[in-house]
Amino acid sequence: MAPTRVLRCCQRGLAWIPVIFIALVVCWSYYAYVVELCIITIPSIGEKIVYLIFFHLFFIMFVWSYWKTIFTMPANPSKEFCLPKAEKERYEKEERPDSQQEILSRAATSLPLYTRTGAGAIRYCDRCQVIKPDRCHHCSACDMCVLKMDHHCPWVNNCVGFSNYKFFILFLAYSLVYCLFIAATVLQYFIKFWTNELPDTHAKFHVLFLFFVAAMFCISILSLFSYHLWLVGKNRSTIEAFRAPVFRTGSDKNGFSLGFRKNISQVFGDQKKYWLLPIFTSQGDGLTFPTRLVCADAEQATVSQHTEPSKSAAAMSPLSESQNRLLSNEQHANNIEDHLANNTLKSAESETITVSMESES
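Quick summary incoming for the structure in this document. None of the values given here were measured: they were computed from a predicted structure. (Residues numbered from 1 in each chain as written. Predicted model: local features only at pLDDT ≥ 70, side-chain atom pairs only at ≥ 80, totals over all residues. Heavy atoms only, no water.)

### Comments concerning the packing of aromatic side chains
By the definition in use, this model includes 30 aromatic pairs. Positioned over the ring face of F256 is R135, at 4.3 Å from the centre of the ring. Of note, R135 hangs over the ring of F289, and the distance from its end group to the ring centre comes to 5.0 Å. (Phe/Tyr/Trp six-rings, centres within 6.5 Å; stacked < 30°, edge-to-face > 60°. Lys NZ or Arg CZ within 6 Å of the ring centre and 35° of its normal.)

Rendered as structure tokens:
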């Protein structure tokens, strides 16, 4: 046991190396921009003041969102998803997979579960000994089940999931803005140093290197940020993008998609004034999510979108207020579309009757 604990402590210590590296780069960029560029290199006082104001604004938002992403603990399944003591003992003693699934199925009847394994079984974590809620996965690095797990990010030494996914998106956004601002404002002095228009001083190295580092990080962050914006618009996690969630009716990559606007609200919340602040405003509790399954009707050749019904509505836990609002809005929109379609059909029939009567006359 002792060697295992020592190895585990070493792994946890080494996991902070990427975070320390980013912190050192950020601290050096602050010194290089504020001291070497603004105070020493830039001659205009007005230009210095404008650059410093915007720089510190982006710097504070970047550090704030980065801090929240690192130190926000991942959300875990609640106690209701744990097996009762008697059922857990029966599950551990049982060796047949079919009998184990029967035990899990009985325990899951009162839980709001829609997703299954690829084989259609109840998703259970033997490591954490909990029934996995929808979109929950076990992180081997954190050694825990994480609600709406997206991925484990070594650059923040934390699991990105339901509790800090908004912070992670803002961290990418503000880091991109931070690097773009540095690259854009340093460019003219980079060219002057490169063409020897400015005298060689100790600031030359910092300015040249600052531009290269900012441009390099811009390119890498832009691709990652664009990908996660696409995931937010589709209401998917990184895991779900590579492996579609399996529902009772089969796998469906768009099973949790509620439409572009509602998908954004799922992550950033209803109040737009808080979207750009690293404050938790995501909808729901991370345990249940509104679903919308897309099923094709072969006879009518149309696509109908609906919410997956519950087999035992009385036994299911009630959805949160935000989820009920999303589902009611979706149903209201569908009713409006049906009403408009009926009106269009009636008007088309009346026009057909009028034309036929005129032809007879």
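So much for the structure itself; the text now carries on.
### Quick word on the sheet that holds strand β8 (residues 246–247)
One open sheet holds the 3 strands; their spatial order is β1-β8-β9, and the pairing between them is antiparallel. Unpaired on one side and paired on the other, β1 (115–116) and β9 (250–251) mark the two borders of the sheet. Relative to β9, β8 runs antiparallel, the two sharing 2 bridges. Paired with F247 across the two strands is G250, which belongs to β9. (Pairing = 2+ DSSP bridges. Helix = DSSP H or I, 4+ residues; strand = E, 2+ residues; numbered from the N terminus.)

### With respect to a nonpolar patch on the surface
Taken together, the side chains of I45, I49, V50, I53, F54 and L57 present a nonpolar region at the surface, about 590 Å² in accessible area. Tracing the backbone through its elements, the reader meets I49 in helix α3 (residues 45–71). (Patch = residues over 30% accessible without salt bridge, like charges linked within 9 Å, V, L, I, M, F, W, Y side chains within 5 Å. Areas by Shrake-Rupley, 256 points an atom, 1.4 Å probe, with all protein chains shown as cover. Salt bridge = Lys/Arg side-chain N within 4 Å of Asp/Glu carboxyl O.)

### Notes on the state of the cysteines
All chains considered together, the criterion is met by 0 disulfides. Between C153, a cysteine without a disulfide, and C159, which holds the nearest cysteine sulfur, the sulfur-to-sulfur distance is 9.8 Å. Look at C153 and you get buried, because its relative accessible area is 6%. (Disulfide = S-S within 2.5 Å. Buried < 20%, exposed > 50% of the residue type's maximum accessible area, 1.4 Å probe, protein only.)

### Notes on helix α5 (residues 97–107)
All of the buried residues in α5 are S99, Q100, I103 and L104. The arc enclosing the buried residues of α5, seen along the axis, measures out at 140 degrees, which places them on a common side. Turned more than 90 degrees away from the buried face of α5, the exposed residues are P97 and D98. For α5, the secondary structure elements touched by its buried residues are α4 (85–93), β2 (124–125) and β3 (130–131). (Arc of directions from axis to C-beta. Contact = heavy atoms within 4.5 Å.)

### As for the side chain of S29
Structurally, S29 is set in helix α2 (residues 17–41). In this structure S29 comes out as buried when scored by relative accessible area, which is 6%. In this structure S29 touches F55, Y178 and L210, once residues within four positions along its chain are discounted.

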